[in-house]
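One-letter residues, chain by chain:
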Amino acid sequence: MNKKKIIFYACILLGLTLINQMFSSYNYSYYVDEAALITLQQASLAKVIFLCFDGLNDLFFGYLSDKFAFKTGKRKTWLVFGLPLFCVSFLFTFAVDSEMNLSSTQFFLYYIFITTMFDNFSSLMYVNYNALYPAIFLSEEERTSASSYKHIFEILGTGIVFLSAPILKEKLGYLTTCAIFSAISILIIMVSLMNVSEPTNRDIGTKQKFSFASTWKAAFKNKGFIWYLLSNASFLIILGTLVTILPFLMKYTLKINGLQQSIVTGVAFVLLFFSLKGWTRVIKKKGHRYAYLWSFRLLPLVIFVLASAFNFWTTLIAVLLAAPCLGGILITPDLMMAEIIDRDYQKYHVRREAVLMSISSFARRLSLIIAALLLMLISSFSGYQDGANPGNHPELTFRLITMIFLPIIGLIGTISAQIYLKVTAEEN
């Protein structure tokens, strides 16, 4: 097992996470609450619009990535090309403020444009990064180790953003904070790419005979793949929703201060970090399918426990109980997707990792559109508009989401995971 290759591959996700997490965590709260440039309803509508583009560009970039190979690498070339565009669009997201002489409609249109641009280049980066995984790691041992390490670095990146961004943006402002994260990300990703080699002894070039339509047809005929998409999308909806509403949840529902937020966040990341090693041992002993099943069986309970918190101490207790259960659900979807890609190759004898992963991402985007519409509906029902007009009971908006909506999504994920395992076991 090539440990050096695994570490550098995982480090790429650290660089991507620093930018993506900063964007995901603060673009909503910056435009809606802090700068109050647009309303929550406008932000939710904008999210629906750019998610539609996002699903399509995932498919487009995935198809291009599978079809074209370069002397410098099939996936690495796209990553090098997309990195500066990814960073520039990130910087321009936070380049506007309330002092600009723009109307609410103009801020809304700018928000749609720049978030769509960011998401285009984010898709380019993530589609090609994820496509490297099943191509350069072939054994279950390597894949388990690589998945574990990449999520360790993802947690590290998320933790860095959550712990440092509140301080940096207060002292230096959003734009300077984003510039710092961008510079660090570029350095990490470029050094890592120089130490990750793509396979050269396999048929991964442009001579592959497959069409985009044939890939879609094969995907829809694969019942196991459909159930996998539902299970994975459920977790990603939960994760994405929590990241989006976390600043609102802390402020209005839990009413905990900055120091308490840092304590809770720090404890959560430490526990999640160590849980990855524990789940890795479970996978090595019982297999990735066993770990996948129990990860999703615990998901609805974990979400309900977290949603039951109402102050600092109950939040801390909830995190202590829930965080160790989440490591498996970070690692196992990677292994299941690699399993699906391997079966596709065995059946059709073509390498189309990026297209299959982009279809997975497309399904996730469709689910996130539904989530954004529900967020818009719930906020309208509770009366929350923006930071200047939060309504009489802003805490109700975010309590409804965490106590009712997210546990139901988690239950759907659990059922889908169990059906996936049953269907694929019958295929074997």
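Structure: see above.
These lines cover the structure that appears in this document, whether it is placed above or below.

Rules of the game
- Counting restarts for each chain, with residues numbered from 1 along the sequence as it is written.
- Local features in a predicted model are, by the rule used here, given only for residues with pLDDT of at least 70; side-chain atom pairs are given and counted only at 80 or more, and totals for whole chains, interfaces and linings are based on all residues.
- Just so you know, side-chain values use all the structure's heavy atoms and leave hydrogens and water out.
- What counts as a ring pair is set by centres within 6.5 Å for rings of Phe, Tyr and Trp (its six-membered ring), and what kind of pair is set by the plane angle: stacked under 30 degrees, edge-to-face over 60, tilted for all other angles.
- Helix and strand definitions here come from DSSP, where helices need a minimum of 4 consecutive H or I residues and strands a minimum of 2 consecutive E residues; each element is numbered from the N-terminal end.
- Exposure categories follow from relative accessible area, calculated using a 1.4 Å probe and restricted to protein chains: below 20% of the type maximum is buried, above 50% is exposed, and the middle band is partly exposed.
- Note on criteria: charge over ring means Lys NZ or Arg CZ within 6 Å of the ring centre, with the direction from the centre no more than 35 degrees off the ring normal.
- Distance and chemistry together define a polar contact, namely a pair of N or O atoms within 3.5 Å, with one atom able to donate a hydrogen and the other to accept it when in protein, and with adjacent residues in sequence counting only for side-chain atoms on both sides.
- Residues count as neighbours in contact if any of their non-hydrogen atoms are within 4.5 Å of one another.
- Residues enter patches when their relative accessible area tops 30% and they take part in no salt bridge; the joining distance is 9 Å for like charges and 5 Å for the nonpolar side chains Val, Leu, Ile, Met, Phe, Trp and Tyr.
- Residue burial considers only the protein chains on display, and all accessible areas are found by Shrake-Rupley using a 1.4 Å probe.
- Put simply, a salt bridge is a Lys or Arg side-chain nitrogen that is within 4 Å of an Asp or Glu carboxyl oxygen.
- Here, nonpolar core means buried Ala, Val, Leu, Ile, Met, Phe, Trp, Tyr and Cys residues that are tied together by side-chain atoms lying within 4.5 Å of each other.
- Fitted lines through C-alpha atoms give the axes, limited to the stretch in contact for helices. The angle between two N-to-C directions lies from 0 to 180 degrees.
- By the definition adopted for this analysis, an angle is roughly parallel if under 35 degrees, roughly antiparallel if over 145, roughly perpendicular if from 65 to 115, and oblique otherwise.
- By definition, turning the near helix anticlockwise from the far helix through less than a right angle yields a left-handed crossing, and turning it clockwise yields a right-handed one.
- Under the convention adopted here, Pro, Cys and the residues Ala, Val, Leu, Ile, Met, Phe, Trp and Tyr are nonpolar, Asp, Glu, Lys and Arg are charged, and Gly plus all remaining residues are polar.

**A closer look at the packing of aromatic side chains**
Aromatic ring pairs are reported here in terms of the distance separating the ring centres and the angle at which the planes meet. Counted according to the given criterion, the structure contains 20 aromatic pairs. Taken together, a centroid distance of 5.6 Å and an interplanar angle of 65 degrees make the contact between tyrosine 30 and phenylalanine 94 edge-to-face. Residue tyrosine 30 is found in helix α1 (residues 3–34), and its partner phenylalanine 94 is found in the loop between α3 (76–93) and α4 (104–136); the two are separated by 64 residues along the sequence. Taken individually, tyrosine 30 and phenylalanine 94 each receive the classification buried, so the pair is uniform in this respect. One residue, lysine 150, lies across the ring of tyrosine 133, its end atom 5.3 Å from the ring centre.

**Structural notes on the side chain of serine 295**
Mapped onto the elements, serine 295 comes out in helix α10 (residues 288–307). Given the relative accessible area of 1%, serine 295 is considered buried. Side-chain polar atoms of serine 295 contact the backbone oxygen of alanine 291, separated by 2.7 Å. The residues touching serine 295, leaving out its near neighbours within four places in the chain, are Trp279, Gly328, Ile329 and Thr332.

**Digging into a nonpolar patch on the surface**
A cluster of nonpolar residues, Leu172, Ile180 and Ile184, forms a patch on the protein surface that exposes about 220 Å² of accessible area. Relative to the helices and strands, leucine 172 resides in helix α5 (residues 140–172).

**Topic: the nonpolar core**
Counting 106 residues, the largest nonpolar core has Leu16, Met22, Phe90, Phe225 and Tyr228 as the members making the most contacts within it. Per-element accounting of this core gives the leading share, 17 residues, to α1. Setting aside anything within four residues of it in sequence, one finds phenylalanine 90 in contact with Ile19, Met22, Phe23, Phe118, Cys178, Phe181 and Ser182. Counting residues in each nonpolar core, the second largest holds 9 residues, with Met250, Leu254, Ala309 and Val319 among its members.

**Here's the deal with the environment of phenylalanine 273**
Note that phenylalanine 273 resides in helix α9 (residues 258–286). Aside from chain neighbours lying at most four places away, what touches phenylalanine 273 is Ile152 and Ile155.

**Notes on the environment of leucine 306**
As for its placement among the helices and strands, leucine 306 is situated in helix α10. According to the relative accessible area criterion, leucine 306 is partly exposed, its value standing at 31%. It is 6.9 Å that separates the C-alpha atoms of leucine 306 and alanine 322, two residues lying 16 residues apart in sequence. Not counting residues within four places of it along the chain, the set of residues in contact with leucine 306 comprises Ala318, Val319 and Ala322.

**Topic: the packing of α1 against α4**
Two elements in contact, α1 and α4, have axes whose closest approach is 11 Å; the angle formed by their N-to-C orientations is 160 degrees. The angle between α1 and α4 falls in the class roughly antiparallel. As for how α1 packs across α4, the hand of that crossing is left-handed. Classifying every residue of the contact of α1 with α4 by side-chain character gives 19 nonpolar, 6 polar and 1 charged.

**Let's talk about the pattern of salt bridges**
Overall, the coordinates contain 4 salt bridges when judged by the stated rule. Close ionic contact of aspartate 342 with arginine 143 constitutes a salt bridge, the shortest N to O distance being 2.5 Å. Residue aspartate 342 is located in helix α12 (residues 327–348), and its partner arginine 143 is located in helix α5; the two are separated by 199 residues in the primary sequence. The buried category is assigned to arginine 143, whose relative accessible area is 6%. Ionic pairing is found between glutamate 339 and arginine 343, a salt bridge with its closest N-O pair at 3.9 Å. One end of the pair, glutamate 339, and the other, arginine 343, are both in helix α12, 4 residues apart, so they sit about a helical turn from each other. Under the relative-accessibility criterion, arginine 343 is labelled partly exposed at 23%. Several salt bridges share partner residues, and in doing so they unite Arg289, Glu339 and Arg343 into one network.

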